[in-house]
Structure formats: C-alpha cells, structure tokens
Amino acid sequence: MRIHSDELYTLGNKALFKLPKTAFFCSRDYPPAIERLTFLWAMEQRYRGHCVLSGFHSRLEQAVLRYLLQGEWQPVIYALGRGIQPGTRFEYEADIAAGRLLFVTPFEPGVHVVTQDTADIRNLLIADLADQFFVPYLAPGGNLDRLLRTDAVGAKPILTLDLPENQPLLARGARLYRPGGVLGHASRPAQP
C-alpha cells in the first residue's frame, strides 16, 4: 500500500510528512509494567523533537499523545480510522496553530465510525508512512502482530521492550529499546 500525501485528507501542518517518523503502536491489553519505559521513550522523543506517528487508539497510546502534546515543539501525526470531523479543529486548535500536529486519514469526512476494516486501513497507512516503529508490547496473534508481518512494514527498524511476550517480535529482528542519557540523567562520576 503506497499512498501519496496528496491522496489523503489532512488537517494541520503537512510539512510534518517530510520529517523522519516513528510509528508508535501498542496492543490494547498490555501489562502495566510497560508504562514506565514507554513514558521514558515518550520523554526521549519529546526531548529530541522526533515526530511520532500513531492512531493513538489504545489507552496507553492516548496517554502518550496527551503527554507529547504538552511539549513546546513535539511534531505529531495523528492517523484516523475515520474521516476528520468538524470538531477536531476546535478540540486541537492550539496544537494545529502551533504547527506541531497533523491529522491524516484516507477516509472522507462522512465516515464517522472506526470499524475493524477502517482501523486496519489506518494501521497500514501508518506502517507505510513510518520510517521506524516503537512497539512496547505485542499481543501474540493480534491485529498488531499481523500488521507487523505485512509488506508495508518490510525491513523497517522496530524497537520493543524486553518482555517474554515480545520474544517472537525480537526473533523477527526487532531490537530492544534502552533509554538513553538524553534527558540529562546519564551516569555521572561519583562526587568525593
């Protein structure tokens, strides 16, 4: 699925398409233990100003979106599994005006409900637009597992967390995410 940005409905800063993009996906039901490391990853993205692309559908994805949008300059591309509704501009007015948010969808405004089919199409769009992926948790055999096996993902880099459930993903070539010292918390020499 190769979609050109001029074939999509958008609201916000289209220049965000030109940035390197990390797709953020997490299975809906996840172990609570992943939240801390996922928010460390989000802090790192915000600190570095990396563009995060997601459907922000799962509970954890929504929490990360709220966190990212608190930053002064955090580029975010929000892919919808429905059309862009009239109230969207009002709800996210400040972020759109600041140029740090772009809504994107292949669906006309008349599509009001997210279905399994529209969610699958949205996820393929995200995979197509992404340069790399961060997947803190993958439920084996779920929708996300199937997505990561598609041609849209191909050989794009995937980062994940060190969990037994993620072993199949690691076996397919994903790398472990390890928080860096970018937040000023790098190890320092002990003071005498």
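Residues numbered from 1 in each chain as written. Predicted model: local features only at pLDDT ≥ 70, side-chain atom pairs only at ≥ 80, totals over all residues. Heavy atoms only, no water.

(A) Region of the structure containing the overall build of the protein chain. Helices and strands together make up the secondary structure of the protein chain, namely seven helices and eight strands. Taken over the C-alpha trace, the protein chain has a radius of gyration of 17 Å; the compact-globule value for 192 residues is 16 Å, and the two agree within 12%. Projecting the C-alpha coordinates of the protein chain onto the three principal axes gives extents of approximately 65 × 40 × 30 Å. For the protein chain, the proportion of its 192 residues judged to be buried stands at 48%. Across the protein chain, contacts joining residues at least 24 apart in sequence account for 73% of those joining residues at least 6 apart. Taken as a whole, the protein chain presents about 10,100 Å² of accessible surface, with 53% of it coming from carbon and sulfur. (Helix = DSSP H or I, 4+ residues; strand = E, 2+ residues; numbered from the N terminus. Rg over C-alpha atoms; globule rule 2.2 N^0.38 Å. Buried < 20%, exposed > 50% of the residue type's maximum accessible area, 1.4 Å probe, protein only. Contact = heavy atoms within 4.5 Å. Areas by Shrake-Rupley, 256 points an atom, 1.4 Å probe, with all protein chains shown as cover.)

(B) Just the packing of aromatic side chains, in detail. Taken as a whole and assessed by the stated rule, the structure comprises ten aromatic pairs. Where F24 meets F134, the ring centres are 6.0 Å apart and the plane angle is 20 degrees; that geometry is what we call stacked. Here F134 lies in strand β6 (residues 132-135) and F24 lies in strand β2 (residues 21-24), a separation of 110 residues in the sequence. Take F134: its relative accessible area is 0%, and that puts it in the buried class. Through a chain of ring-to-ring contacts, three or more aromatic side chains come together here, namely F24, W41, F134 and Y177. In this structure, R46 is placed above the aromatic ring of Y67, and the distance from its NZ or CZ to the ring centre is 4.1 Å. (Phe/Tyr/Trp six-rings, centres within 6.5 Å; stacked < 30°, edge-to-face > 60°. Lys NZ or Arg CZ within 6 Å of the ring centre and 35° of its normal.)

(C) Quick peek at the layout of surface pockets. Looking at the largest pocket, its volume works out to about 400 Å³. Taken together, 20 residues form the lining of the largest pocket, with C26, S27, R28, N143 and L144 sitting closest to its centre. Secondary-structure elements contributing two or more residues to the lining of the largest pocket are α5 (116-129) and α6 (143-147). In terms of residue class, the lining of the largest pocket is built from seven nonpolar, nine polar and four charged. The calculated volume of the second largest pocket comes to roughly 210 Å³. Lining the second largest pocket are 15 residues; nearest its centre among them are G55, F56, Q62, Y78 and Y92. (1 Å grid on protein atoms, 1.4 Å probe; cavity = no way out; pocket = protein on both sides within 12 Å on 5 of 7 lines; lining within 4 Å. Points joined across faces, edges and corners; volume = space filled by probe spheres on them. Nonpolar A, V, L, I, M, F, W, Y, C, P; charged D, E, K, R; others polar.)

(D) Region of interest: the sheet that holds β2. Pairing within the open sheet is mixed, and its eight strands lie in the order β1-β5-β4-β3-β2-β6-β7-β8. Lying at the two open borders of the sheet, with one neighbouring strand each, are β1 (9-12) and β8 (175-176). For strand β4 (residues 76-79) and strand β5 (residues 101-105), the ladder comprises four bridges, and the chain directions are parallel. Considered in β5, the bridge of Y78 is made with F103. (Pairing = 2+ DSSP bridges.)

(E) Local environment of the packing of helix α1 (residues 35-48) against helix α2 (residues 59-68). Axis separation between α1 and α2 bottoms out at 10 Å; the angle between their running directions is 35 degrees. Crossing handedness for the pair α1 and α2: right-handed. Each of E35, T38, F39, W41, A42, M43 and R46 in α1 lies in contact with α2, whose residues at this interface are L60, A63, V64, Y67 and L68. (Axes fitted to C-alpha atoms, helices over the stretch in contact; angles between N-to-C directions. Left-handed = near helix turned anticlockwise from the far one by under 90°.)

(F) Up close: the nonpolar core. By size, the foremost hydrophobic cluster in this structure holds 30 residues, and its most contacted members are I34, W41, Y78, Y92 and F103. When residues of this core are traced back to their parent elements, those giving at least two are α1, α2, β4 and β5. Element by element, the count of residues in this core is highest for α2, at five residues. For W41, the contacting residues outside a window of four places in its chain are T22, F24, V52, V64, F134 and Y177. (Core = buried A, V, L, I, M, F, W, Y, C linked by side-chain atoms within 4.5 Å.)

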